[in-house]
Every structure is written in C-alpha cells, then in structure tokens.
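Take a look at the letters that make up each chain.
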Amino acid sequence: QVQLVESGGGLVQAGGSLRLSCAVTESMLRINTMGWYRQAPGNQRELVALIYSSGSTNYAESVKGRVDVSRDNAKNTMYLQMNSLKPDDTAVYYCYAHHLVTGQTWGQGTQVTVSS
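Residues numbered from 1 in each chain as written. Predicted model: local features only at pLDDT ≥ 70, side-chain atom pairs only at ≥ 80, totals over all residues. Heavy atoms only, no water.

Colleague: How do you make sense of the sheet that holds strand β3 (residues 18-24) when you look at a structure like this?
Modeller: Hydrogen bonding along the main chain pairs the strands of a sheet, whether they run parallel or antiparallel. The strand order β1-β3-β8-β7 describes an open sheet built from four strands, whose pairing is antiparallel. Looking along the sheet, the strands with just one partner apiece sit at the ends: β1 (4-7) and β7 (67-72). Neighbour-to-neighbour, the strand axes of the sheet open up by a mean angle of 15°, direction not taken into account. As paired strands, β1 and β3 are joined by four bridges and run antiparallel to one another. Along β3, the bridge assignment pairs Val-5 with Ala-23. (Pairing = 2+ DSSP bridges. Helix = DSSP H or I, 4+ residues; strand = E, 2+ residues; numbered from the N terminus. Axes fitted to C-alpha atoms, helices over the stretch in contact; angles between N-to-C directions.)

What follows is the structure, given as structure tokens:
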C-alpha cells in the first residue's frame, strides 16, 4: 500500500511563504494523479491543487497565482509552494495520490497556520 508523508507545515505571517512536501513510499511511476487538499475547522475538505503524470495542473480559484504544485518522480516527492499566504489559508493540508493499481490514498495531514 502506498503511503504518503507530508511535511513543511507551520506558522507563518500573512504575506509569507511555505513549501509543503509529500514523500511517497514507493515509485511514483504508477501514480497518475497527485494533489493537495485542505480542511479548515468546520469546513469540508476542499481541493487546492492537482498534478497529473503528464505534468498538467489544476488549481482552486482561491489559490491561483499564489501556489505552485510540482512533482519530482526521481525523488518520489510532490511539493506545494505557497506564496502570499492569507489567514484564510489556515487549514490542515492533505496529500492525495491515485495509484493505478491500489487506488487512492491520503496522507496524515500537516497544519498550516497563517497569522494576520
């Protein structure tokens, strides 16, 4: 079973930046879709960004222009670079992957807190 381990969360002031990492426990060559979701207290989990094996990406409107998702298959790692952070970006961020054989899997989440 593929496992995902997020890191890089923390406390940052509004306007600051963070880079989240999602380490995958096996080769990413059989993972066609990866992404980041987030969940704030009292809210449903929502999409932040997706990246496909082709390299194409999708972003939520709320983060477009401020975040960049990338994947490094050689390092079995996906990244989320977040800039110009706002207090509304405060949430637990989850890594997501869809493996061609085993299906979807989620990481345990990493907290991002943006202070005003």
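Further notes follow.
Colleague: Just to check I follow, could you spell out the state of the cysteines for this structure?
Modeller: Linking two cysteines covalently via their sulfur atoms produces the bond known as a disulfide. Counting across every chain of the model gives one disulfide. What pairs with Cys-22 in a disulfide is Cys-95, and their sulfur atoms sit 1.9 Å apart. Classification of the bridge connecting Cys-22 and Cys-95 rests on its S-S torsion, roughly -75°, and on that basis the disulfide is left-handed. Here Cys-95 lies in strand β9 (residues 91-99) and Cys-22 lies in strand β3, a separation of 73 residues in the sequence. The buried category is assigned to Cys-22, whose relative accessible area is 0%. (Disulfide = S-S within 2.5 Å. Buried < 20%, exposed > 50% of the residue type's maximum accessible area, 1.4 Å probe, protein only.)

Colleague: What should I look at first to understand the nonpolar core in this one?
Modeller: Nonpolar side chains tend to gather and get buried jointly when the protein is soluble and globular. Met-34, Trp-36, Met-78, Leu-80, Met-82 and Tyr-93 are the most contacted members of the largest nonpolar core, which totals 29 residues. Non-local contacts of Met-34, meaning those with residues more than four positions away in its chain, are made with Cys-22, Val-24, Met-28, Ala-49, Leu-50, Ile-51, Arg-71, Met-78, Cys-95, Tyr-96 and Ala-97. (Core = buried A, V, L, I, M, F, W, Y, C linked by side-chain atoms within 4.5 Å. Contact = heavy atoms within 4.5 Å.)

Colleague: Before we go on, may I ask you to explain the pairing of strand β11 (residues 110-115) in this structure?
Modeller: Working note: regular strand, side chains alternate between the two faces of the sheet. Burial along β11 is one-sided: the residues Thr-110, Val-112 and Val-114 are buried and none of Gln-111, Thr-113 and Ser-115 is. Relative to β11, strand β2 (residues 10-13) is paired through four bridges, and the arrangement is parallel. From the neighbouring strand, Leu-11 faces β11, where its bridge partner is Thr-113. Judged from the three bridges that link them, β9 and β11 form a sheet pairing that is antiparallel. In the strand pairing of β11, Tyr-93 is matched with Thr-110.

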